[in-house]
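Breakdown of the fold
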Amino acid sequence: MEQILLEVIEHVAVVTINRADSLNAFNYETLLELQNKVEEMRINPEVRAVIFIGAGEKAFSVGADLKERKTLTNQQVMRNLYKINEVFSAIDSLPQPTIAAINGFAFGGGMELALACDFRFAAREAVMGLTETSLAIIPGAGGTQRLPRLIGQAKALELILTARRLSADEAFSYGLLTKVVERKDLLAGSLGFCSQLLANGPIALQQAKFAIKNGMNADLNTGLQIERKAYEVTLPTEDRIEALKAFSEKRKPIFKGK
C-alpha cells in the first residue's frame, strides 16, 4: 500500500499521508515516499498549489512513528532525523503555495509539517502542538525555528516548553492557523482558497513567494534586490501580456504559467 497518495485536481496537488491505522505517523519508508512526491511536484508545471492532508478523520499526523522508533538504533534515529528535516525543508522551499489541511491530531513532526507549509487550515475538532519535550526530546524537524518566526519568540517558548496541546480555536488565536472550518468543509475550503490563489498568474505567485521567503530574513536593501530580481522574472512572460490584454478587453485573464 502506498504511504503517500498524490492526486492533481485542477492544478492543485492533494497529498495524503496514507497511514490512518498509525495516525499517519512518519516511518522512514513514508518519509522516502513523501520526498519523492515533493520532488515530483516541484518540477510539474501542471501543479500550481499543493494541499497536504492526513488519511481518515482522526489525525493529520502524530509525527514520528514511535513503534518504529523503539526498534531503531541511535544511528537509525539520526538517519530519520536528517531525512525528516530534508523532506520538510524541501516542502518549505516548494515554489508553489502550500496548505496544510489539518483534519485531526497534529503533534510533533505532524505539526512541524504544517509549519513548513505556507498556510494552515484546520477542522474545528483538530488538536495540535509541539509536544516533544513531554517525551524528553525537542522538536527536531524545524519546530524550534519555524514556530517563533511565525508567532514570535515568547509564544513559541511557551508552547514548546510546556508541550501544550491546542484546540483549533486556540491555535488560531496564537496566529498558527489561517482559518478554522467545520470538518466536512476542510478539503473543499482548502481547494476554494487555492482557487483564489490560482485566479492569479502562476509565475507571479511563485516569484512573490520566493521574494517574501528569501527576503524576510535579509536586511532591507538585500530584500529589495531580491524583490526586483523576482519581478524581472515576470516581465517576459506570456501571462503578463495576457493580463494586460484581458484588462483592456474587460475579461478575466487565462493564465498558462508561461
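Just so you know, these numbers come straight off a predicted model, no measurement behind them.

**Observations concerning the sheet that holds strand E10 (residues 179–181)**
Within a beta sheet, neighbouring strands are joined by backbone hydrogen bonds and run either parallel or antiparallel to one another. Strand order in this open sheet of 6 strands is E1-E2-E3-E5-E7-E10, and the pairing throughout is mixed. The open sheet has two edge strands with one neighbour each: strand E1 (4–9) and E10. Within this sheet the neighbouring strands show an average axis-to-axis angle of 20 degrees, counted without direction. Examined bridge by bridge, strand E5 (residues 98–102) and strand E7 (residues 119–123) share 4 bridges and lie parallel to one another. Across the sheet, residue Ala101 finds its bridge partner in E7, namely Phe121.

**Some remarks on the side chain of Glu132**
Here Glu132 shows up in the loop between strand E8 (127–129) and helix H5 (143–151). No salt bridge is formed by the buried Glu132. Its closest oppositely charged neighbour is Arg69, at 8.7 Å. Not counting the four nearest positions on each side in its chain, Glu132 is found in contact with Gly108, Gly109, Glu112, Ile137, Ile138 and Pro139.

**Some details on the nonpolar core**
Nonpolar side chains in soluble globular proteins generally cluster together in the buried interior. Leu34, Phe88, Ile91, Ile102, Met128 and Leu176 are the most contacted members of the largest nonpolar core, which has 45 residues in total. In this structure, Met128 is in contact with Ile102, Ala106, Phe107, Met111, Ala122, Arg164, Arg165, Leu166, Ala168, Ala171 and Leu177, ignoring residues within four places of it in sequence.

Criteria and cut-off values
- Residues numbered from 1 in each chain as written.
- Predicted model: local features only at pLDDT ≥ 70, side-chain atom pairs only at ≥ 80, totals over all residues.
- Heavy atoms only, no water.
- Pairing = 2+ DSSP bridges.
- Helix = DSSP H or I, 4+ residues; strand = E, 2+ residues; numbered from the N terminus.
- Axes fitted to C-alpha atoms, helices over the stretch in contact; angles between N-to-C directions.
- Buried < 20%, exposed > 50% of the residue type's maximum accessible area, 1.4 Å probe, protein only.
- Lys, Arg positive; Asp, Glu negative; His and termini not counted.
- Salt bridge = Lys/Arg side-chain N within 4 Å of Asp/Glu carboxyl O.
- Contact = heavy atoms within 4.5 Å.
- Core = buried A, V, L, I, M, F, W, Y, C linked by side-chain atoms within 4.5 Å.

In short, the description is geometric, and any link to function would need to be established separately.
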